[in-house]
Amino acid sequence: MKKLLVANLKMNIVSADQRDLYIAGIESRCSDMMACTDVVICPSTIDIYAFEKLGTCGVHIGAQDLAWKEKGAFTGETSPLRLYEYGVRYTIVGHSERRLYYGESDAMIGEKVESAIRNNITPIICVGESAEARRGDHPFEHVREQIIASVSALRSGSELTNLIFAYEPIWAISTNHTVNDPQITANDILSAKVEIMKTLTEIYDRTFASQVRILYGGSVNVENAHEVCIVPEMDGVLVGGASCDPGKFATIAQQLKN
Ligand code: PGA
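Residues numbered from 1 in each chain as written. Predicted model: local features only at pLDDT ≥ 70, side-chain atom pairs only at ≥ 80, totals over all residues. Heavy atoms only, no water.

**Q** Would you mind going over unusual backbone geometry with me for this structure?
**A** With the exception of glycine, the majority of residues adopt a negative phi angle, and the majority of peptide bonds are in the trans configuration. The backbone of asparagine 120 sits at a positive phi, close to 60°, despite the residue not being glycine. Residue placement: asparagine 120 occurs in the loop between helix 5 (106-118) and strand 5 (122-127). Positioned with a positive phi, serine 219 is a non-glycine residue whose angle comes to about 55°. With respect to the helices and strands, the residue serine 219 is situated in the loop between strand 7 (213-217) and helix 10 (225-229). Judged by its relative accessible area of 13%, serine 219 falls in the buried class. (Helix = DSSP H or I, 4+ residues; strand = E, 2+ residues; numbered from the N terminus. Buried < 20%, exposed > 50% of the residue type's maximum accessible area, 1.4 Å probe, protein only.)

Set out below in C-alpha cells:
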C-alpha cells in the first residue's frame, strides 16, 4: 500500500496568482508524485474550488477544518455538505493551531470527527504533546486523552477504518531545527505510533486499531523526510511549510516511495 502525503497549506497562499502558480506546479509533477504516494492537498476553504481540477490527476482535496453541524447559525463556519459538494474527501481536524488560537476543545474535536464521518469525509485527526508535557513524566498522557475524546462520539469501531491520526508534537511544528530546538527522531515517532495503537486497542480492539492509518507531522522537509519515512510502521506524513513549494513537496513524495 502506498504511503499518504498530506499538504497543509494553512493560510500561506494569499493571492489568486500564487494559487494558480501552485496548482500548475503540482499538475506538472503530478504523475511522478502519484507513482510514489497517495496525495491529499488541503488549501484554504476559499481556494478549494480551484484545486478541484487536480482530481483529474489523482490528487485528493482536503479541507483544513469543518463544522460539526451541517447547517445553521454558525458564523464563519463551512458546512461539510458544501465541502463534499466541492470534492473534499478528507479534512484535518483538531490541528494544534485550531486548539491554540480558536480554543477548540477535545469535545469539539470529537464532534467534528463525527461530523466528518457522517458526511463521508475522512478525518485526519491531529494529536500531539506540548514541549512541557514532553519534559514531564508521562509525555503521552495528553495524547492519549486527545485520542479518547476524538473518537468518543463514534458509534462503533468499524468507523475507525475511516480515520487517520496525525501525530504532530507541538514542539516540532514549524521549527527550523536550530541547535536549540529538540529534534524529532525516528524512535520518538515509532514510540508515538505504539502509544496511539495501544490507546485505540484499549478502546476498541487490535483488529480495528490496526486499520487506522497513522501519519507523522512537524517540520517535515526535503532534508529530513527520508529519516521520517523510513520508520516502516508509519503510513505517511503531514507537511506544512515545505508543502507550499511544489518542487519540495514532490521531492518529499519521492522519499515516501515504498
Ligand atoms: P510544518 O507544519 O510542517 O510547517 O511544521 C505541520 C503542520 O502544522 O501540520
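Read on for the rest.
**Q** Please clarify how the site of the ligand should be interpreted in this entry.
**A** Around the ligand sit 13 residues, and of these Lys10, His95, Ser174, Ser219 and Gly240 come closest. At 3.5 Å from an oxygen atom of the ligand is found a side-chain nitrogen or oxygen belonging to asparagine 8. Between the ligand and glycine 241 there is a distance of 2.8 Å, counted from an oxygen atom to a backbone nitrogen or oxygen. (Near = heavy atom within 4 Å. Polar contact = N/O pair within 3.5 Å; in protein donor to acceptor, adjacent residues only side chain to side chain.)

**Q** Would you explain a nonpolar patch on the surface in this entry?
**A** A surface patch of nonpolar side chains, amounting to about 420 Å² of accessible area, comprises Leu100, Tyr101 and Tyr102. Structurally, tyrosine 102 is set in the loop between helix 4 (96-101) and helix 5. Residue tyrosine 102 is classed as exposed on the basis of its relative accessible area of 52%. (Patch = residues over 30% accessible without salt bridge, like charges linked within 9 Å, V, L, I, M, F, W, Y side chains within 5 Å. Areas by Shrake-Rupley, 256 points an atom, 1.4 Å probe, with all protein chains shown as cover. Salt bridge = Lys/Arg side-chain N within 4 Å of Asp/Glu carboxyl O.)

**Q** Where do I start with the environment of lysine 53 in this structure?
**A** Locating lysine 53 in the fold gives a position in the loop between helix 2 (48-51) and strand 3 (60-63). Sequence separation of lysine 53 and arginine 206 is 153 residues, and the distance between their C-alpha atoms is 38 Å.

**Q** What should I look at first to understand the pattern of salt bridges in this one?
**A** Where charged atoms from two side chains of opposite charge come close, those side chains can pair. If you walk through the whole model with that rule in mind, you get 16 salt bridges. Across the pair arginine 98 and glutamate 104 runs a salt bridge, and its minimum N-O distance is 2.8 Å. When its relative accessible area of 6% is taken as the criterion, glutamate 104 is described as buried. Because the salt bridges share partners, they merge into one network encompassing Asp65, Arg98, Glu104 and Lys112.

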